[in-house]
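# A look at the structure
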Amino acid sequence: MDAMDHAPSVTPKALATEAVHAGREDLAALGLHAPPLDLSTTYPSSDARGEAARIDEFAATGARPDGPPVYARLDNPTTARFEDALARLEGTEAAVAFASGMAALTAVLLARASQGLRHVVAVRPLYGCSDHLLDAGLLGTEVTWTDPAGVADAIRPDTGLVMVESPANPTLAEVDIRAVAHSCGSVPLLVDNTFATPVLQRPAGLGARIVLHSATKYLGGHGDVMGGVVACDEEFARELRRVRFATGGVLHPFAGYLLLRGLSTLPVRVRAASATAAELVRRLAGDPRIARVHYPAIGGAMISFEVYGDPHEVIAGVRLITPAVSLGSVDTLIQHPASISHRIVHEGDRRAAGVSDRLLRMSVGLEDVEDLWRDLTEALSARSGGPADATARSVAVPAPGGP
């Protein structure tokens, strides 16, 4: 029989199938069904010369070491499964996981700065801590803020990165990723894909070289794990692995285990929550207590809206919905960005980016839409007023895209 008869199938698989099986392909051969959890911090080896050679190779190239693990700060088998699976979902060659989304962004900036490329071009709004990290120059970087149309003109010889977030936190503004990638030329474009996830968009297929996730959010999906991950080509992944080894921003293997498990239900969770969010958007858009609703054209489970009344009273009035930071969990969360997630951004910059003092951001979970609407509308009725002039009301809601 020809050897090709035994070759594995290379037929492309749907995202839902990849989410379930990526990172688990070897389990049957190992006699396992669930992925193993490796909590070791170190690994025994009697071949010190061989270990030295492998460490030298990693220091020189950043490639994953062949053979058994050496030390958990260098590599971990459980975390590697999550990385492989996320890369498959994002359509990239590799992914590198970190202790948090901010640790992941820090590693990207350090990797570029190590090559003398300390200038970043960025489009607001970004997540508040990302904005602060860039604007404060804490890593010795310099940032130029611009709108998407101004990216090409803002690039300098020492520009190492262009960064956008689409849909953006918290206004859900979208950018044309393909157009921005074209404007970047040879400079890598980083897209924060935390809100969209690969279920709704895959930035690498639109020209982005680097895709960032706060894995704490939708990838984990249950509010019980913190992590970050960068999906990219293998060349840049090698740089990131060396930064991770040197700085120690590693993802704990138990977090890697939970994140891999989270990926298996990611498409189901995102699509279900997105359907509920789209219905809530429809109702909010027709509610006279709401001044403006923000919802991205690609859809998703994130909603932002501005109230005529006091947003703090709405936060205090919900009972089923959880007033808390973060997003992407199975339960619905609401927060006031100007007070919490974007408080660290200068007030003028915050408002110029569309983050008004009356804006609320809601991460829609998996509860029944009627229960969520009842809780939200009761909080609005009890705590916020309507417009003084009904004609002043403005609703900006793009046609929701199908998740």
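This one's a predicted model, so the numbers in the text were calculated from it and none came from an experiment. (Residues numbered from 1 in each chain as written. Predicted model: local features only at pLDDT ≥ 70, side-chain atom pairs only at ≥ 80, totals over all residues. Heavy atoms only, no water.)

## Here we look at the sheet that holds strand E10 (residues 322–323)
Spatially, E8-E9-E12-E11-E10 is the arrangement adopted by the 5 strands of the open sheet, whose pairing is mixed. Taken across any chain shown, the strands that pair with only one partner, and hence form the sheet edges, are strand E8 (290–294) and E10. Where E10 lies against strand E11 (residues 333–335), 2 bridges are found, and the strand directions are parallel. Bridge pairing in E11 places Thr-322 opposite Leu-333. Docked against the sheet, helix H10 (residues 253–285) engages E8, strand E9 (302–307) and strand E12 (359–363), running at close to 15 degrees with respect to E9. (Pairing = 2+ DSSP bridges. Helix = DSSP H or I, 4+ residues; strand = E, 2+ residues; numbered from the N terminus. Contact = heavy atoms within 4.5 Å. Axes fitted to C-alpha atoms, helices over the stretch in contact; angles between N-to-C directions.)

## With respect to the packing of helix H4 (residues 101–113) against helix H9 (residues 234–247)
Orientation of H4 relative to H9, taken along the N-to-C sense of each, is 105 degrees, at an axis distance of 9 Å. Looking at the two axes, H4 sits roughly perpendicular to H9. On H9, the residues touching Ala-107, Val-108, Leu-110, Ala-111 and Arg-112 of H4 are Phe-236, Glu-239, Leu-240, Val-243 and Thr-247. Looking at the contact of H4 with H9 residue by residue, the classes come out as 7 nonpolar, 1 polar and 2 charged. (Parallel < 35°, antiparallel > 145°, perpendicular 65-115°, else oblique. Nonpolar A, V, L, I, M, F, W, Y, C, P; charged D, E, K, R; others polar.)

## Thoughts on the layout of surface pockets
Any empty space left between the atoms is revealed when a probe the size of a water molecule rolls over them. Considered as a void within the structure, the largest pocket measures approximately 360 Å³ in volume. Taken together, 22 residues form the lining of the largest pocket, with Tyr-127, Ser-214, Thr-216, Lys-217 and Ser-326 sitting closest to its centre. For the lining of the largest pocket, the secondary-structure elements that each account for two or more residues are H4 and strand E6 (210–214). Per-element tally for the lining of the largest pocket: the top contributor is E6, with 3 residues. Class assignment for the residues of the lining of the largest pocket results in 7 nonpolar, 11 polar and 4 charged. (1 Å grid on protein atoms, 1.4 Å probe; cavity = no way out; pocket = protein on both sides within 12 Å on 5 of 7 lines; lining within 4 Å. Points joined across faces, edges and corners; volume = space filled by probe spheres on them.)

## What to know about the confidence of the model for the chain
Of all residues in the chain, 92% have pLDDT values of 70 or greater, and the mean over the chain is 91. Every residue in residues 388–395 scores below 50 in pLDDT, and together they form 17 contacts with partners more than four places removed in sequence or on other chains. (pLDDT = per-residue confidence, 0-100.)

## Quick word on the sheet that holds strand E1 (residues 94–98)
The 7 strands are arranged E1-E7-E6-E5-E4-E2-E3 in an open sheet whose pairing can be described as mixed. Every other strand in the sheet has two partners, leaving E1 and strand E3 (142–145) as the edge strands with one partner each. The sheet shows a mean angle of 20 degrees between the axes of neighbouring strands, taken without regard to direction. Contacting E1, E6 and strand E7 (228–232), helix H3 (residues 77–90) runs over the sheet at an angle of about 130 degrees to E1. Lying over the sheet, H4 contacts E1, strand E2 (119–122), strand E4 (159–165), strand E5 (189–192), E6 and E7, oriented at roughly 150 degrees with respect to E6.

## Focus: the packing of aromatic side chains
On inspection of all chains with the given rule, the structure shows 2 aromatic pairs. Measuring from ring centre to ring centre gives 5.6 Å for Phe-58 and Phe-245, while their planes differ by 75 degrees; the resulting arrangement is edge-to-face. In this pair, Phe-58 is assigned in helix H2 (residues 48–61) and Phe-245 in helix H9, connecting sequence segments 187 residues apart. Judged by its relative accessible area of 27%, Phe-245 is partly exposed. With 6.3 Å between their ring centres and 10 degrees between their planes, Phe-254 and Tyr-257 make a pair best called stacked. Highlighted residues: Phe-254 and Tyr-257, both in helix H10, separated by 3 residues, approximately one helical turn. Here Tyr-257 falls in the partly exposed class, since its relative accessible area comes to 23%. Cation over ring: Arg-124 sits above Trp-145, and NZ or CZ is 3.8 Å from the ring centre. (Phe/Tyr/Trp six-rings, centres within 6.5 Å; stacked < 30°, edge-to-face > 60°. Buried < 20%, exposed > 50% of the residue type's maximum accessible area, 1.4 Å probe, protein only. Lys NZ or Arg CZ within 6 Å of the ring centre and 35° of its normal.)

## Comments concerning H4
An ideal rise of 1.5 Å per residue puts 18 Å on 13 residues; H4 measures up with 18 Å between its terminal C-alpha atoms. Turning to H4, its buried residues number three or more, namely Gly-101, Ala-104, Leu-105, Ala-107, Val-108, Leu-109, Ala-111, Arg-112 and Ala-113. (Expected span 1.5 Å × (residues − 1).)

## Section: the environment of Val-143
Following the sequence through the fold, Val-143 ends up in strand E3. With 182 residues separating them in the primary sequence, Val-143 and Val-325 have C-alpha atoms 26 Å apart. Those residues within four positions of Val-143 in sequence are excluded, and the remaining contacts are His-119, Val-120, Ala-122, Leu-134 and Asp-135.

## Remarks on the nonpolar core
By size, the foremost hydrophobic cluster in this structure holds 34 residues, and its most contacted members are Phe-82, Leu-86, Leu-219, Leu-263 and Leu-266. Of all the secondary-structure elements, those providing two or more residues to this core are helix H1 (15–21), H3, E1, helix H8 (197–200), E7 and H10. Considering every element that reaches this core, the biggest residue donor is H10, with 8 residues. Judged by nonpolar contacts, the second largest core, of 26 residues, contains Ala-94, Leu-105, Val-230 and Leu-240. (Core = buried A, V, L, I, M, F, W, Y, C linked by side-chain atoms within 4.5 Å.)

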